[in-house]
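Structural overview for review
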Amino acid sequence: MSPADEPVVPVTSVRARIESKFPRGLVIRLVAYLFVGHLFAFFVYLLFVLGAENQ
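Residues numbered from 1 in each chain as written. Predicted model: local features only at pLDDT ≥ 70, side-chain atom pairs only at ≥ 80, totals over all residues. Heavy atoms only, no water.

A closer look at the overall build of the protein chain
A count of helical and extended segments in the protein chain gives two helices and zero strands. A buried classification covers 0% of the 55 residues belonging to the protein chain. When the accessible surface of the protein chain is split by element, carbon and sulfur atoms take 72% of a total near 5,500 Å². (Helix = DSSP H or I, 4+ residues; strand = E, 2+ residues; numbered from the N terminus. Buried < 20%, exposed > 50% of the residue type's maximum accessible area, 1.4 Å probe, protein only. Areas by Shrake-Rupley, 256 points an atom, 1.4 Å probe, with all protein chains shown as cover.)

Quick look at the environment of Asn54
Looking at where Asn54 falls in the secondary structure, it is placed in the segment after helix 2 (24-53). You can call Asn54 exposed: its relative accessible area is 69%. Among the polar contacts made by the side chain of Asn54, one reaches the main-chain carbonyl oxygen of Leu50 at a distance of 3.3 Å. (Polar contact = N/O pair within 3.5 Å; in protein donor to acceptor, adjacent residues only side chain to side chain.)

Re a nonpolar patch on the surface
A surface patch of nonpolar side chains, about 330 Å² in accessible area, is lined by Phe22, Leu26, Val27 and Val31. Along the chain, Leu26 turns up in helix 2. The exposure class assigned to Leu26 is partly exposed, which follows from its relative accessible area of 38%. (Patch = residues over 30% accessible without salt bridge, like charges linked within 9 Å, V, L, I, M, F, W, Y side chains within 5 Å. Salt bridge = Lys/Arg side-chain N within 4 Å of Asp/Glu carboxyl O.)

In structure tokens form, the structure reads like this:
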């Protein structure tokens, strides 16, 4: 079998590969939850830092 006889595999982009595995809504929710979770963690950390300074 020569290289010309082999089937041509289309090159897919990374985005197309990711979208085929995960629905778009799931990716958006994941990013939103990560952002909100880190924002909440920063807020709690800030409460502890400011509370420690007032003692």
